[in-house]
Amino acid sequence: MGLGFFLYVFAEGILFAFFLYWSFIIANGAYYHLKCKGRSAKMPVFEYPMISIIMPVKNEEKTLPFSIDSIIKNDYPKDKMEIIIVEDGSVDRTYDIAKNYEGLYPGLIKVYKLESNDKGKAGALNFGAKMATSRILVFVDADTRIGRDYLKKAVAKFLTDKRVLVGLTAVRNRKRNWLSFMVSLESDLINYIIRGSEKLGLPSPIVGYSLVIDKEILEKVGGFRKSLTEDIDLWARLVMSKVKVGSFEGVVYIEPPATITDFFKQRLRWYKGYIDTLDLYFKVPRDKKTFHMIMYLAMPLFGALSTLLSIGFSLLKSLYLLYSIAGFTLNYVGVFIIVLIYLKYFYKEKIDSLKVKYSMFSYLYFILMSLSTIAALFSKVLGIEIKWHRKPR
């Protein structure tokens, strides 16, 4: 019963409280989402307002046409929308493709080229917002596709006085390999966190590729700021400014990295951005919404701590190698079983051999996220710059 044992128990207690908190949020979100799916967004809108869809682009020649087409094919009235494309230093045919669409759809699509932009994606986003003629701003990415009823669902919810909204995410290449499969499951958990947060009166975390916001509110909080995760940085300022952040049922389809290397580089940037935001805005929470924000920003750190405790501690402190192997096996099998239960009762899917095979990598996926968090933490401490990594198409 030494100091090491006490620290171990203390750390496990903190982790238990952390995961209990998010389990409660996720459970509420899952219930709310599955119960209201397909119903809550069918609110009638008798006169659709003008909206501005803003898309920053850079080296997206392969995905840009699909993204623009998904907006054009949306069922929102075309005379009530404008698509603002902000090109930011591409070295491929992205700008030419965008200009071609502008010629095909004059008045609907407006293309701007930033000759000089030292503020990265945040600068392109702010420029697009400045050019927008509508108060309702819809931000999307050039490597995503929106659902056909995405815009109508967004506006219907916006008009109920929810002036900052985040949509839901679905993975297009879910069955490409085990990594894409696990990303899709994680995306569903994030969807449940988004829905559960709103249901409990807490701010829903935002994602930059599916954001609807009142132009006045965006300007009031200072717009986007240069960051590895400009969307999370914006969310933190919205929460601290006591702005309500809700959700809607519109779906954005993404295609995440499908290789371990690209996945690691992407998460390294994300989690470094989380850590930077936490460091920049952390303060002792005085209300439940700020506490919720801090808990979300700290999520990667708690995940990494869990991995270190479940694997590293037993390997370093165990007197018997067999005990360490047994502990690792229990963790692996436990996560595997949880994923299968999730597929069976939340996805309502038949458990076939492919899903079983992919689910066997679930613990490895968790370790990959933890390792990228640890690498991000080291880069923060050592002052190592993390650059934006774009996955290959």
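The structure this text deals with has already been given above.
Please read these numbers as outputs of a predicted model, since none were measured by experiment.

**Student:** Outline the pattern of salt bridges, supporting the account with residue identities and numerical values.
**Tutor:** Working definition: two side chains of opposite charge can pair if their charged atoms are close together. Applying the stated criterion across every chain yields a total of 19 salt bridges. Across the pair Glu230 and Lys121 runs a salt bridge whose closest N-O atoms are separated by 3.8 Å. Within this pair, whereas Glu230 is found in helix H8 (residues 230-240), its partner Lys121 is found in helix H4 (residues 120-131), the two being separated by 109 residues in sequence. Since its relative accessible area comes to 5%, Glu230 is described here as buried. Given a relative accessible area of 22%, Lys121 falls into the partly exposed group. Across the pair Lys272 and Asp276 runs a salt bridge, and its minimum N-O distance is 3.0 Å. With Lys272 and Asp276 both in helix H9 (residues 260-281) and four residues apart, this pair spans about one turn of that helix. For Asp276, a relative accessible area of 22% translates into the label partly exposed. Beyond isolated ion pairs, a larger network of salt bridges with shared partners links Lys272, Asp276, Asp279 and Lys380.

**Student:** Let's hear about the sheet that holds strand S6 (residues 164-171): which residues, and what values?
**Tutor:** Taken in spatial order, the eight strands line up as S3-S2-S1-S4-S7-S6-S8-S5 in an open sheet, and their pairing is mixed. With one partner strand each, in any of the chains shown, strand S3 (109-113) and strand S5 (145-146) form the two edges of the open sheet. Where S6 meets strand S7 (residues 211-214), three bridges bridge the pair, whose relative direction is antiparallel. The partner of Leu165 across the bridge, within S7, is Val212. Packing of helix H5 (residues 150-158) onto the sheet brings it into contact with strand S1 (51-57), strand S2 (81-87), strand S4 (136-139), S5, S6, S7 and strand S8 (246-254), and relative to S8 it is tilted by some 165°.

**Student:** Tell me about the nonpolar core, residues and numbers included.
**Tutor:** In terms of nonpolar packing, the biggest core is built from 101 residues, with Ile53, Met81, Ile83, Ile109, Phe139, Leu151 and Leu238 touching the most fellow members. Considering each element in turn, this core owes the most residues, eight residues, to helix H6 (residues 178-199). Sequence-distant contacts of Leu238, that is, excluding residues within four places in its chain, are made with Val164, Ile213, Ile217, Val221, Val243 and Val245.

**Student:** Let's hear about the side chain of His292: which residues, and what values?
**Tutor:** In this structure, His292 sits in helix H10 (residues 288-297). Judged by its relative accessible area of 0%, His292 is buried. There is a polar contact of 2.9 Å between the side chain of His292 and the side chain of Ser197. Residue contacts for His292: discarding those within four places in its chain leaves Tyr21, Trp22, Ile25, Ser197, Leu202 and Pro203.

**Student:** Describe the pairing of S8, with residues and values.
**Tutor:** Moving residue by residue along a regular strand, the side chains alternate between the two faces of the sheet. Among the nine residues of S8, seven are classified as buried, and the element is accordingly described as predominantly covered. The sheet contact formed by S5 and S8 spans two bridges and is antiparallel. Following the sheet pairing, Arg145 is matched in S8 by Tyr253. Bridging between S6 and S8 involves six bridges; their strand directions are parallel. Each bridged residue has a counterpart across the sheet, and for Thr169 the counterpart in S8 is Val252.

**Student:** Give a detailed account of helix H14 (residues 362-382), specifying residues and quantitative values.
**Tutor:** Counted at 1.5 Å a residue, the expected span for H14 with its 21 residues is 30 Å, and the 31 Å between its end C-alpha atoms agrees. Listed in full, the buried residues belonging to H14 are Ser362, Tyr363, Tyr365, Ile367, Leu368, Met369, Ser370, Ser372, Thr373, Ala376 and Ser379.

**Student:** Please provide a residue-by-residue account of the packing of H6 against H14, values included.
**Tutor:** Running from N to C, H6 and H14 cross one another at 75°; their axes reach a closest spacing of 10 Å. Judged on the interaxial angle alone, H14 and H6 are roughly perpendicular. Taken together, the residues of H14 that come into contact with H6 (itself represented by Trp178, Leu179, Met182, Val183 and Glu186) are Ser362, Leu364, Tyr365, Leu368 and Met369. Considered class by class, the residues forming the contact of H6 with H14 number eight nonpolar, one polar and one charged.

**Student:** Explain empty space enclosed by the protein to me, using residue names and the numbers behind them.
**Tutor:** Scanning all chains against the criterion turns up two cavities of 30 Å³ or more. Along its surface, the second largest cavity is lined by Ile51, Ile136, Val138, Leu151, Ala154, Val155, Phe158 and Val212. Secondary-structure elements contributing two or more residues to the lining of the second largest cavity are S4 and H5. Looking at the lining of the second largest cavity, its residues break down into eight nonpolar, no polar and no charged.

Parameters and conventions
Residues numbered from 1 in each chain as written. Predicted model: local features only at pLDDT ≥ 70, side-chain atom pairs only at ≥ 80, totals over all residues. Heavy atoms only, no water. Salt bridge = Lys/Arg side-chain N within 4 Å of Asp/Glu carboxyl O. Helix = DSSP H or I, 4+ residues; strand = E, 2+ residues; numbered from the N terminus. Buried < 20%, exposed > 50% of the residue type's maximum accessible area, 1.4 Å probe, protein only. Pairing = 2+ DSSP bridges. Contact = heavy atoms within 4.5 Å. Axes fitted to C-alpha atoms, helices over the stretch in contact; angles between N-to-C directions. Core = buried A, V, L, I, M, F, W, Y, C linked by side-chain atoms within 4.5 Å. Polar contact = N/O pair within 3.5 Å; in protein donor to acceptor, adjacent residues only side chain to side chain. Expected span 1.5 Å × (residues − 1). Parallel < 35°, antiparallel > 145°, perpendicular 65-115°, else oblique. Nonpolar A, V, L, I, M, F, W, Y, C, P; charged D, E, K, R; others polar. 1 Å grid on protein atoms, 1.4 Å probe; cavity = no way out; pocket = protein on both sides within 12 Å on 5 of 7 lines; lining within 4 Å. Points joined across faces, edges and corners; volume = space filled by probe spheres on them.

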